[in-house]
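Okay, here's what each chain looks like letter by letter:
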Amino acid sequence: MHKDLYPVKPEIAKNAWIDESKYKEMYEQSIKNPEEFWAKQAERLEWYSKWNKVKETQFTKPVSIKWYLGGKLNVSYNCIDRHLKERGDKVAFIWEPDNPEAAVRKITYKELHKEVCKLANILKDMGVKKGDFVTIYMPMIPEATFAMLACARIGAVHSVIFGGFAPDSIADRIADCESKFVITADAGYRGSKVIQLKENIDKAIVKSDNVKKVLVVKYANTKVEMKAGRDLWYHEEVQKVSDQCEPEKMDAEDPLFILYTSGSTGKPKGVMHTTGGYLVFVSMTHQYVFDYHDNDIYWCTADVGWVTGHSYIVYGPLANGATSLIFEGVPTYPTPSRFWEVIDKHQVSIFYSSPTALRSLMREGDQFVKNTSRKSLRVLGSVGEPINPEAWAWYHDVVGDGRCPIVDTWWQTETGGILISPLPGAIGQKPGSATKPFFGVQPKLLTLEGKEVQGAGDGVLVLADSWPGQMRTVYRNHSRFEDTYFSNYPGYYFTGDGCRRDEDGYYWITGRVDDVINVSGHRIGTAEIESALVANHKVAEAAVVGYPHDIKGQGIYAFVTLKAGELPSDEVRKELVQTVRKEIGPIATPDLIQWAPRLPKTRSGKIMRRILRKIAENQPDQLGDTTTLSEPGVVQELVDNRMNK
Ligand code: WTA
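Quantities reported herein were computed from a predicted structural model and do not represent experimental measurements.

1. Quick notes on the site of the ligand
Working step 1: Near the ligand there are 17 residues, and of these D408, T409, T413, D497 and R523 occur at the shortest range.
Working step 2: For the ligand, a nitrogen atom lies 3.1 Å from a polar atom in the backbone of G384.
Working step 3: T409 places a main-chain nitrogen or oxygen 2.7 Å from a nitrogen atom of the ligand.
Working step 4: Calculation on the ligand without its partners gives an accessible area of 530 Å², and the protein chains cover 96% of this total.
Working step 5: Listing elements by their share of the shell around the ligand, those giving two or more residues are α11 (307-319), β20 (406-409) and β26 (507-512).
Working step 6: Class assignment of the residues belonging to the shell around the ligand gives a composition of six nonpolar, six polar and five charged.

2. Some remarks on the pattern of salt bridges
Working step 1: Counted by the stated rule, this structure contains 44 salt bridges.
Working step 2: Connected through shared salt-bridge partners, K198, D202, R230 and D231 make up one network.

3. Points about helix α20 (residues 633-640)
Working step 1: Three or more residues of α20 are buried, namely V634, V635, L638 and V639. Buried residues of α20 fall within an arc of 130 degrees about the axis and therefore sit on the same side.
Working step 2: Residues of α20 that are buried in the fold lie against β30 (553-562), β31 (592-595) and α19 (609-616).

4. Topic: unusual backbone geometry
A negative phi holds for most residues other than glycine; trans holds for most peptide bonds.
Working step 1: Residue P62 is bonded to the preceding K61 through a cis peptide linkage, with omega at -5 degrees.
Working step 2: Turning to its location among the elements, P62 is positioned in the loop between β1 (53-58) and β2 (64-69).
Working step 3: Note the cis peptide between Y333 and P334, where omega equals -5 degrees.
Working step 4: Mapped onto the elements, P334 comes out in the loop between β17 (323-327) and α12 (338-346).
Working step 5: A positive phi angle is found at E178, which is not glycine, with a value near 45 degrees.
Working step 6: You can see E178 is positioned in the loop between α7 (167-176) and β8 (181-185).
Working step 7: We classify E178 as partly exposed; its relative accessible area is 49%.
Working step 8: Unlike most non-glycine residues, R374 shows phi in positive territory, near 60 degrees.
Working step 9: In this structure, R374 sits in the loop between α14 (367-370) and β19 (379-383).

5. With respect to the sheet that holds β20
Working step 1: One open sheet holds the seven strands; their spatial order is β5-β4-β17-β16-β18-β19-β20, and the pairing between them is mixed. Two strands close off the open sheet at either side, each with one partner strand: β5 (105-108) and β20. Across the sheet, the mean angle separating the axes of adjacent strands is 20 degrees when strand polarity is ignored.
Working step 2: Bridge count between strand β16 (residues 297-300) and strand β18 (residues 350-353): three bridges; the pairing is parallel. Across the sheet, residue W299 finds its bridge partner in β18, namely F351.
Working step 3: Here helix α15 (residues 389-399) sits on the sheet and contacts β18, β19 and β20; the angle it forms with β19, its principal contact strand, is near 160 degrees.

6. Here's the deal with the UniProt feature "binding site: ATP" (unreviewed entry) in the protein chain
Working step 1: When the UniProt feature table is mapped onto this chain, "binding site: ATP" (unreviewed entry) is found at G384, E385, P386, D408, T409, W410, W411, Q412, T413, D497, R512 and R523.
Working step 2: For W411, a relative accessible area of 9% gives the class buried.
Working step 3: Setting aside residues up to four positions removed in sequence, W411 forms contacts with V307, T308, S311, Y312, Y352, V383, G416, G417, I418 and L419.
Working step 4: Here Y352 takes part through its side chain, which lies 3.1 Å from a polar atom of the side chain of W411.
Working step 5: In this structure, T413 sits in the loop between β20 and β21 (443-446).
Working step 6: Beyond its immediate stretch of four places on either side in the chain, T413 contacts L259, T261, V271, H273, V307 and R523.

7. Here we look at the confidence of the model for the protein chain
Working step 1: For the protein chain, per-residue confidence averages 95 on the pLDDT scale, and residues scoring 70 or more make up 100% of the total.
Working step 2: The ipTM for the predicted assembly is 1.00, set against a pTM of 0.95.

8. Some thoughts on the sheet that holds β21
Working step 1: One open sheet accounts for five strands, arranged β22-β21-β23-β25-β26; its pairing is antiparallel. The open sheet has two edge strands with one neighbour each: β22 (452-453) and β26.
Working step 2: The sheet contact formed by β21 and β22 spans two bridges and is antiparallel. Within β22, the position partnered with L445 by the bridge is V453.

9. Comments concerning the packing of aromatic side chains
Pairs of aromatic rings are described using the distance from one ring centre to the other and the angle between the two planes.
Working step 1: Within this structure, the stated rule accounts for 47 aromatic pairs.
Working step 2: Here Y189 and Y219 contribute two aromatic rings whose centre-to-centre distance is 5.7 Å and whose plane-to-plane angle is 65 degrees, an arrangement assigned as edge-to-face. Placement of Y189 in strand β9 (residues 188-190) and of Y219 in the loop between β11 (213-217) and β12 (231-233) is noted, with a sequence separation of 30 residues between them.
Working step 3: In this structure Y189 comes out as partly exposed when scored by relative accessible area, which is 30%.
Working step 4: Here W299 and F351 contribute two aromatic rings whose centre-to-centre distance is 5.1 Å and whose plane-to-plane angle is 65 degrees, an arrangement assigned as edge-to-face. In this pair, W299 is assigned in strand β16 and F351 in strand β18, connecting sequence segments 52 residues apart.

10. Comments concerning the nonpolar core
Working step 1: Ranked by internal contacts, the top residues of the largest apolar core, which has 161 residues, are Y68, L112, Y315, F439 and V560.
Working step 2: Those residues in contact with Y315 that lie beyond four places of it in its chain are V75, C79, M148, L149, A152, H158, L256, F257, Y278, L279, V282 and H310.
Working step 3: One finds F339, L377, A391 and C404 within the second-largest nonpolar core, a separate group that totals 27 residues.

Analysis parameters
Residues numbered from 1 in each chain as written. Predicted model: local features only at pLDDT ≥ 70, side-chain atom pairs only at ≥ 80, totals over all residues. Heavy atoms only, no water. Near = heavy atom within 4 Å. Polar contact = N/O pair within 3.5 Å; in protein donor to acceptor, adjacent residues only side chain to side chain. Areas by Shrake-Rupley, 256 points an atom, 1.4 Å probe, with all protein chains shown as cover. Helix = DSSP H or I, 4+ residues; strand = E, 2+ residues; numbered from the N terminus. Nonpolar A, V, L, I, M, F, W, Y, C, P; charged D, E, K, R; others polar. Salt bridge = Lys/Arg side-chain N within 4 Å of Asp/Glu carboxyl O. Buried < 20%, exposed > 50% of the residue type's maximum accessible area, 1.4 Å probe, protein only. Arc of directions from axis to C-beta. Contact = heavy atoms within 4.5 Å. Pairing = 2+ DSSP bridges. Axes fitted to C-alpha atoms, helices over the stretch in contact; angles between N-to-C directions. UniProt positions renumbered as here; feature names shortened; annotations may be inferred. pLDDT = per-residue confidence, 0-100. Phe/Tyr/Trp six-rings, centres within 6.5 Å; stacked < 30°, edge-to-face > 60°. Core = buried A, V, L, I, M, F, W, Y, C linked by side-chain atoms within 4.5 Å.

Right, dumping it as structure tokens:
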């Protein structure tokens, strides 16, 4: 592993919020006296009334996580109204459309206030009340963020669904939280493709009929069907409402949003985040991890459909009064220079992206970077999966011209915000390492048996105490929350990730230790893909594992047993790919499908995934013990026919 240390650059440390000694001092305070530490941090927000207790958290059953108990605030007020006096004319969002020739939109805090108030009033007219769930299924246009903030303003709980999910996945997510309201658009663009969002919503609603109202933004001007009494055009409704809307006074522990994410088993779970602790944490991490200052132009390339978009396009940056860039397109459209051209066009100083995007651009060659200036850049960030040292070096040397520190930020949908990361002015970087814990975060490594690993070593990554941005529950399934995160290693939050700690106390995330695959930084449960495959009537059984993929980090490898009488063919393969795309969405498309006349099973009938993983990783000599299999011969068959040679 690459061990070079890139020390903190003095010119960065000089102007940074946090330098090395400040990091040490604050980290120590945050662990020794969390209540005092987090009380002080909460003053970065405006509260209608202060909390009466900072922290009440318990990691043993019954698990309970509460921060800023009794405090009252509104997220939309803190992200917008609070800034109006001093920076009302500052740009809150810059919107860069998919098509580079199309007009850029710039929305000041004053304008944002009006837009969000208007949309909040539309929602009220639609019948949305405090505590109701609103599903948002939108392209990457500013209205997606207006929708989130409008929900927050009136105390509705948003559930954003990524535009790449298919009707069945949408239906499951609508049904799980019994959402009666949907905000969508006619269609959206990605690269040169058009995504028919309204059509997908229509199909989803047929399957879960609790939806009463659908608000539709006219954006791509595609033809859509509007169902009378149910569907409303945003551009018509917006004419009828006032641009003032009093924010609702919310309790610190009132839900702000749920976001569905994949786990090792079952359907995606509704990760619930609440109001006070979440906003304190994303605001603070945004400021310190990116060393955000008032004059920065900040760009996070994620989609608002993922947690990164929630925390670091919308809530964190806006809580800090930042200018946040929303990009509708993809890194390679119209050319692989697009990211860097956008950086020059808007003078972006902080850029936050993913290893998978960087690898896909690195492959195209340096000339697409070098023909741009990028002089405005100061800090570079990475998230979503481990960044391989080659991609790190390219990011640092070519994109950043060796000038910009890289913050490799480790966190999860569940953690709400960044937990392990360098701070630009305080922590030297090692390519491939997320480095050191953020304030208040106590990582520990445990052996599989739950013994703590001291000093340098490998283990599963757990966290010993709560932080304000932590998820509070799995919506309507608190026992699943307890079982998934708190039962394997009692007293700790279990991350699902493996990790190594080196001699310098640096953390190196090694990837998931459960049945979750991380494809291009998107989490997908193998169980979900398997159940999508068996939804095809030709399939008897399927087992899905991840395998190393040059660009995506991990690819999806499916072993499929067809029903008796069905013959394997490329046509059937294509058909299965379509089945998965239809059942889940394009992000779950299998990369490789191997026909498996039989699957390796234990005598009790359990599929031996460990063995399938080794086959998919093309390491047939490391299969380990196969004697417990009911039919050991199966393995050789699969090895001989593997797709990943
Ligand atoms: C992985 C995304 C290594 C990890 C914010 C985690 C990372 C999962 C990193 C969460 C990183 C995320 N280095 N691995 N910097 N960031 N991961 O919920 O396996 O979509 O558990 O949240 O992504 O993915 P999620």
